[in-house]
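Summary of structural features
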Amino acid sequence: MQKIIVTGGAGFIGSHLCDSLLENNYKVVCLDNLLTGSKKNIEHLLDNPNFEFVDGDVIQQSTVNSQHFSGVSYIFHLASPASPVDYQSYPEETLMVNSLGTINILELAKKERAKVLIASTSEVYGDPLEHPQKETYWGNSNSFGPRSCYDESKRFAESATYVYLQKYNLDARVVRIFNTYGPRMQVNDGRVISNFINQAIKNEPITIYGDGTQTRSFCFVSDLVEGLIKAMFTEGTTGEVFNLGNPEEYSMNDLAKKIKEMTDSASDIVNKELPPDDPKQRRPDISKAERYLNWKPTVKVNEGLQKTIDYYKNLSI
Ligand code: UDP
């Protein structure tokens, strides 16, 4: 049975990835320091003999070099705070996990001759001047601002991957993850979908930042996980960068209305100040993933939102 490491495996996306890999008969070692991940997300896996949880930090070389990780064939490097509220609460940890943490993972992949997938982000495009964003777009990001701990460290992670590809012939690929949602998103991670649904369920005001005309496109987590798996296992992906996300684009005004309707909520919709450097629009061009990976999202937004609403309703019972 082949061994796979998932860093950040107790996080929102990471835990769904662990589920899926175990279903596909791999041995999964999950490394997570539980800073923004949660043991609850993997509780159901702890008795599975093919699953191992290591409570540790990828920035510690001694942890990454420990025997838990020897003999690994594949590494998914997802560890990092990822919501704007989380990475701005932990800016130093964010810098470190994406820089030093990524180098440690690339070194491990080199030593073990393992295939590696580095999770990057749509944030590398900053407040994009090209719309929708293709992988070839270089971005418009602010290196000296509240989002830069995340944007710039992810750009560094991509750059480090490029160097290891060129210099050491590593079998690596980069995936730029666009806004993703679904069960196991933390209630208080500050993301728009978790905020809107939890506000709506409690009949509290739904908070739109700015005038609500800014747009995002939202991918349901099961679609995203399938994309990650295809990016790792499909032939011909070495050295490639892929956007993964759902190209259906919504304004925050439309999203708020939709969630209010779906939850039958009495909440008011209120406007709050727009945070600095908040991108005005974001939508992936996924034609490269369609071409190389034969992948595109299949879960409709109403279906994905309903599953997420049900998850949060169950939590609050
Ligand atoms: N947003 C909002 N109300 C909220 C939380 C977020 O209007 O309660 C907006 C935020 O300003 C941004 C968009 O929703 O324009 C997406 O924010 P999120 O934090 O989910 O992720 P981002 O795409 O900015 O990384």
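Notes on the structure in this doc start here. Everything quoted here is computed from the prediction, not taken from an experiment. (Residues numbered from 1 in each chain as written. Predicted model: local features only at pLDDT ≥ 70, side-chain atom pairs only at ≥ 80, totals over all residues. Heavy atoms only, no water.)

So, the site of the ligand
With respect to spatial proximity, 18 residues lie near the ligand, and among them T207, Y209, R216, D278 and R282 are the closest. Interatomic distance of 2.6 Å between a side-chain N/O atom of R216 and an oxygen atom of the ligand. Alone, the ligand offers 520 Å² of accessible surface; in the complex the protein occludes 95% of this. Of the residues contributing to the shell around the ligand, the split by class is seven nonpolar, five polar and six charged. (Near = heavy atom within 4 Å. Polar contact = N/O pair within 3.5 Å; in protein donor to acceptor, adjacent residues only side chain to side chain. Areas by Shrake-Rupley, 256 points an atom, 1.4 Å probe, with all protein chains shown as cover. Nonpolar A, V, L, I, M, F, W, Y, C, P; charged D, E, K, R; others polar.)

What to know about the packing of aromatic side chains
Taken as a whole and assessed by the stated rule, the structure comprises ten aromatic pairs. Between Y87 and Y150, the aromatic rings sit 4.4 Å apart at their centres with planes inclined by 10°, giving stacked as the arrangement. Highlighted residues: Y87 in helix α3 (residues 84-89) and Y150 in helix α6 (residues 148-168), separated in sequence by 63 residues. Judged by its relative accessible area of 6%, Y150 falls in the buried class. Each member of the aromatic cluster is reached from another via a ring pair, and the members are Y26, Y74 and F233. Above the ring of Y292, the side-chain terminus of K288 is found at 5.4 Å from the ring centroid. (Phe/Tyr/Trp six-rings, centres within 6.5 Å; stacked < 30°, edge-to-face > 60°. Helix = DSSP H or I, 4+ residues; strand = E, 2+ residues; numbered from the N terminus. Buried < 20%, exposed > 50% of the residue type's maximum accessible area, 1.4 Å probe, protein only. Lys NZ or Arg CZ within 6 Å of the ring centre and 35° of its normal.)

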